[in-house]
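One-letter residues, chain by chain:
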Amino acid sequence: MTASSSSPPTAGSALPADLPTGLLIGGEWRAAGSGGTFAVHDPATTDVLAEVSDAGEQDALDALTAADAAFREWRTVAPRDRSELLRAVFEAITARTDEIAAVITAEGGKPLAESRAEVAYAADYVRWFAEQAVRMEGLARRAPAGTHHQLVLRKPVGPALLITPWNFPIAMIARKLAPALAAGCSVVVKPAQLTPLTTALVAEIVRAELAARHLPTGVVNVVPSSSASRISRPLLADPRLRKLSFTGSTEVGASLLKQAADGILRTSMELGGNAPFLVFDDADLDAAVEGAVAAKMRNSGQTCVAANRFLVQEGVAEEFTARLTEAFGRLVVGPGDRPGTTVGPLIQQSAVDRVTEVVQQADDAGAQVRVGGMRPEGRGWFYLPTVLDGVTPDMRVVTEEVFGPVAPVLRFGSEDEGVDLANATPFGLVAYAYTRDVGRVMRLTERIDAGMLGVNRGMVSDASAPFGGVKRSGLGREGGEAGIEEYVDPMYVAL
Ligand code: NAD
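Please read all numbers here as calculations on a predicted model, not as lab measurements. (Residues numbered from 1 in each chain as written. Predicted model: local features only at pLDDT ≥ 70, side-chain atom pairs only at ≥ 80, totals over all residues. Heavy atoms only, no water.)

**Observations concerning the overall build of the protein**
Okay, step 1: Secondary structure assignment for the protein yields 15 helices and 24 strands.
Okay, step 2: Relative to its length of 495 residues, the protein is compact, with a C-alpha radius of gyration of 23 Å against a globular reference of 23 Å.
Okay, step 3: In terms of overall dimensions, the protein has C-alpha extents of about 65 × 65 × 40 Å along its principal axes.
Okay, step 4: Within the span of the protein, comprising 495 residues, buried residues form 58% of the whole.
Okay, step 5: Contacts spanning at least 24 positions in sequence make up 73% of the contacts within the protein whose residues lie at least 6 apart.
Okay, step 6: Working note: accessible area of the protein is about 18,600 Å², and carbon and sulfur atoms make up 53% of it.
Okay, step 7: When the 47 positive and 60 negative side-chain charges of the protein are each reduced to one mean point, those points stand 5 Å apart. (Helix = DSSP H or I, 4+ residues; strand = E, 2+ residues; numbered from the N terminus. Rg over C-alpha atoms; globule rule 2.2 N^0.38 Å. Buried < 20%, exposed > 50% of the residue type's maximum accessible area, 1.4 Å probe, protein only. Contact = heavy atoms within 4.5 Å. Areas by Shrake-Rupley, 256 points an atom, 1.4 Å probe, with all protein chains shown as cover. Lys, Arg positive; Asp, Glu negative; His and termini not counted. Charge placed at Lys NZ, Arg CZ, Asp CG, Glu CD.)

**Overview of the pattern of salt bridges**
Okay, step 1: Within the structure shown, the criterion is met by 32 salt bridges.
Okay, step 2: Here R87 and E91 are joined by a salt bridge, their closest N and O atoms 2.9 Å apart. Residue R87 and its partner E91 are located together in helix α2 (residues 79-95), separated by four residues, close to a single helical turn.
Okay, step 3: By relative accessible area, which is 35% here, R87 ends up partly exposed.
Okay, step 4: A salt bridge links R443 to E415; the nearest nitrogen and oxygen atoms lie 2.8 Å apart. Of this pair, R443 sits in helix α14 (residues 438-447) while E415 sits in helix α13 (residues 415-423), placing them 28 residues apart in sequence.
Okay, step 5: Beyond isolated ion pairs, a larger network of salt bridges with shared partners links D282, E415, R440 and R443. (Salt bridge = Lys/Arg side-chain N within 4 Å of Asp/Glu carboxyl O.)

**Observations regarding the nonpolar core**
Okay, step 1: I93, F277 and F320 are the most contacted members of the largest nonpolar core, which has 103 residues in total.
Okay, step 2: For this core, the element with the most residues is helix α5 (residues 171-183), which contributes 10 residues.
Okay, step 3: Once you skip the residues sitting within four places of it in the chain, F277 turns out to touch A288, G291, A292, A295, A307, R309, F310, L311, F320, Y432 and Y434.
Okay, step 4: A367, W381, V406 and A422 belong to the second-largest nonpolar core, a separate cluster that totals 33 residues. (Core = buried A, V, L, I, M, F, W, Y, C linked by side-chain atoms within 4.5 Å.)

**Remarks on the site of the ligand**
Okay, step 1: Around the ligand, a shell composed of 27 residues is seen, among which T164, K190, S249, L271 and E401 lie nearest.
Okay, step 2: A distance of 3.1 Å separates an oxygen atom of the ligand from a polar atom in the side chain of R175.
Okay, step 3: Between K190 and the ligand, the recorded distance is 2.7 Å, taken from a side-chain N or O atom to an oxygen atom.
Okay, step 4: Protein coverage of the free-state accessible area of the ligand, which is 840 Å², stands at 84%.
Okay, step 5: Put simply, the ligand lies in the largest pocket.
Okay, step 6: Of all elements in the fold, only α5, α7 (228-236), β11 (243-247) and α8 (250-262) reach the threshold of two or more residues within the shell around the ligand.
Okay, step 7: Per-class residue counts for the shell around the ligand are 15 nonpolar, eight polar and four charged. (Near = heavy atom within 4 Å. Polar contact = N/O pair within 3.5 Å; in protein donor to acceptor, adjacent residues only side chain to side chain. 1 Å grid on protein atoms, 1.4 Å probe; cavity = no way out; pocket = protein on both sides within 12 Å on 5 of 7 lines; lining within 4 Å. Sits in = over half its atoms within 2 Å of the grid points. Nonpolar A, V, L, I, M, F, W, Y, C, P; charged D, E, K, R; others polar.)

**Brief notes about the environment of A367**
Okay, step 1: Here A367 lies in the loop between α11 (349-364) and β16 (368-371).
Okay, step 2: Spatially, the C-alpha atoms of A367 and G480 are 41 Å apart, while their sequence positions differ by 113 residues.
Okay, step 3: A367 has contacts with A362, D389, G390, V391 and M395, leaving out every residue within four places of it along the chain.

**Some thoughts on the pairing of strand β18 (residues 406-412)**
In regular strands, side chains alternate between the two faces of the sheet.
Okay, step 1: In terms of burial, β18 is largely enclosed, as six of its seven residues are buried.
Okay, step 2: Pairing geometry for strand β14 (residues 307-313) and β18, over four bridges, is parallel. Looking at β18, one finds that L311 is bridged to L410.
Okay, step 3: As paired elements, strand β17 (residues 386-389) and β18 share three bridges and run parallel to each other. Across the sheet, residue L388 finds its bridge partner in β18, namely P408. (Pairing = 2+ DSSP bridges.)

**Examining the confidence of the model for the protein**
Okay, step 1: On average, residues of the protein carry a pLDDT of 96, and 97% of them reach 70 or more.
Okay, step 2: Within the model, pLDDT remains below 50 along residues 1-12, and this stretch shows 33 contacts once partners closer than five positions in the same chain are excluded. (pLDDT = per-residue confidence, 0-100.)

**Structural notes on the environment of E73**
Okay, step 1: Along the chain, the position of E73 falls in helix α1 (residues 57-74).
Okay, step 2: Along the sequence, E73 and S186 sit 113 residues apart, while their C-alpha atoms lie 9.7 Å from each other.

**What about the side chain of T247?**
Okay, step 1: Tracing the backbone shows T247 in strand β11.
Okay, step 2: Residues contacting T247, with those up to four places away along its chain left out, are I163, T164, P165, M172, K176, E270 and E478.

**Examining the pairing of strand β6 (residues 139-142)**
Okay, step 1: Pairing of β6 with strand β7 (residues 149-156) involves four bridges; the strand directions are antiparallel. Opposite R142, over in β7, you have H149 as the bridge partner.
Okay, step 2: In this antiparallel pair of consecutive strands, β6 and β7, the connection spans six residues, and G146 shows a positive phi of 75 degrees.

**A short note on the layout of surface pockets**
Okay, step 1: Counted as a void, the largest pocket has a volume near 1,000 Å³.
Okay, step 2: Lining the largest pocket we find 42 residues, and of these W166, F246, G248, S249 and V252 sit closest to its centre.
Okay, step 3: Of all the secondary-structure elements, those providing two or more residues to the lining of the largest pocket are α7, β11, α8 and α11.
Okay, step 4: The greatest single-element share of the lining of the largest pocket, amounting to six residues, is contributed by α8.
Okay, step 5: By volume, the second largest pocket amounts to about 540 Å³.
Okay, step 6: Forming the boundary of the second largest pocket are 25 residues, of which E114, A117, F168, R298 and M459 lie nearest the centre. (Points joined across faces, edges and corners; volume = space filled by probe spheres on them.)

**Remarks on a negative patch on the surface**
Okay, step 1: Taken together, the side chains of D281, E314, E417 and D420 define an acidic patch exposed on the protein surface.
Okay, step 2: Tracing the sequence through the fold places E314 in helix α10 (residues 314-329).
Okay, step 3: The exposure class assigned to E314 is exposed, which follows from its relative accessible area of 55%. (Patch = residues over 30% accessible without salt bridge, like charges linked within 9 Å, V, L, I, M, F, W, Y side chains within 5 Å.)

This is the structure we're talking about:
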């Protein structure tokens with residue numbers, strides 16, 4: 001195991017000199033009304049990367065005023081022009097992949113190769129919704145009783161508040177912003193406090209493309225803040241806001257849903273997960289281990305679709321665990337911008353503390369640490385890739401979303417037992433299953449409670465497919481044909 005975390009090049013040098021650090025309101029970058037700022041850190045070194053303007057309540061309302069004014073114009077812009085704007089944004093993001101990836105790695109910590117992959121993934125959503133913008137089909141028919149004709153039009157819902165998490169600083173905003181703009185909505189973006197720099201770079205790309213086409217630049221407004229509720233509360237109480245799209249924890253999502261209830265707002269909620277990773281006796285174990293590393297270790301385990309519970313059938317449990325242990329031992333922990341790094345730091349000190357705590361609790365309760373189980377020496381918010389064996393369903397490492405590089409292994413006997421274990425969680429975002437039995441695959445599609453299922457694959461996400469969860473993992477879908485529906489209201493016209 002390699003556990004290096006000594007100092008990378010000065011993180012500041014990774015940032016483009018012209019990276020905006022202000023608020024974007026009505027097409028202008030400006031300081032917060034209070035003049036205040038907050039610090040953004042490099043998790044690999046804990047150094048301060050930048051100071052970003054700290055928006056307050058009045059700034060948030062100013063952003064909504066700008067979004068509301070721009071909406072009146074944007075909703076009338078031809079679908080083809082909206083589509084071409086998004087296509088240009090896709091091209092600009094793709095052309096600037098390395099620059100954006102460097103910012104993602106600097107503020108989020110993930111290895112550069114993962115950051116580049118995230119940029120490509122995000123750009124794919126922008127391209128997909130550029131293509132969808134001109135395919136907003138309605139309906140025309142005679143009423144069944146023959147009394148009139150019916151038109152069903154699809155209209156943008158209006159100004160939307162987009163709140164994003166830190167773990168995919170470009171992908172999470174792309175999945176919301178692109179369908180919103182394609183549908184004809186304007187937006188106020190509240191990026192995660194820990195990673196506002198990537199959002200600023202992307203917002204500037206969109207602003208510049210809008211300005212170049214003489215389109216209303218106020219359709220995209222960005223208000224980073226050290227206090228999320230200082231932004232969300234006044235906006236959710238304002239009748240000009242018509243839509244909330246949130247990605248983040250279930251706890252915060254539930255609280256925002258309550259606040260959105262008074263305004264009867266349209267809401268989309270992409271929330272937490274607790275993904276089961278099922279390995280059956282007939283699985284291809286090489287593929288299962290490769291998929292396990294991908295499903296667990298992307299962004300050091302800090303993804304909503306991270307495999308959180310490895311449920312392995314008894315016949316292959318020892319061999320799978322041994323191979324997974326070996327694979328984790330080969331991972332290279334270090335700063336994301338160091339060549340060869342495969343696992344970056346966690347996002348902040350409290351994340352390291354939490355992972356330490358749940359591993360300790362499992363260890364105390366009788367689990368065995370097969371590899372890892374500690375932080376490496378040196379600075380930065382690192383934790384070693386960890387495999388825990390002998391885990392039981394009541395341990396916190398199983399019941400909670402760990403959000404770290406820890407793979408707990410539980411063993412099961414029959415298929416029924418495996419399915420019951422997989423479903424024994426209030427969450428239902430994604431599940432993974434490794435088996436060569438097609439009949440079993442079909443049974444799993446019926447019996448697994450999740451919005452997504454990866455069969456013999458450790459990655460499921462694609463811009464053209466509906467991403468989202470059931471149970472406490474959320475409401476609504478991002479991507480695919482469904483993604484744009486979140487920003488559209490049908491209007492029935494009788495004539
Ligand atoms: P978080 O809920 O703490 O924060 C998400 C966003 O909400 C941030 O912008 C944050 O500033 C804001 N926020 C926090 N408290 C708020 C409040 N009281 N009012 C309004 N806004 C508030 O989550 P996080 O730690 O940034 O992200 C990790 C979580 O996100 C995990 O649970 C993960 O599973 C989930 N997630 C889900 C998906 C998905 O698509 N389902 C994708 C990525 C992350």
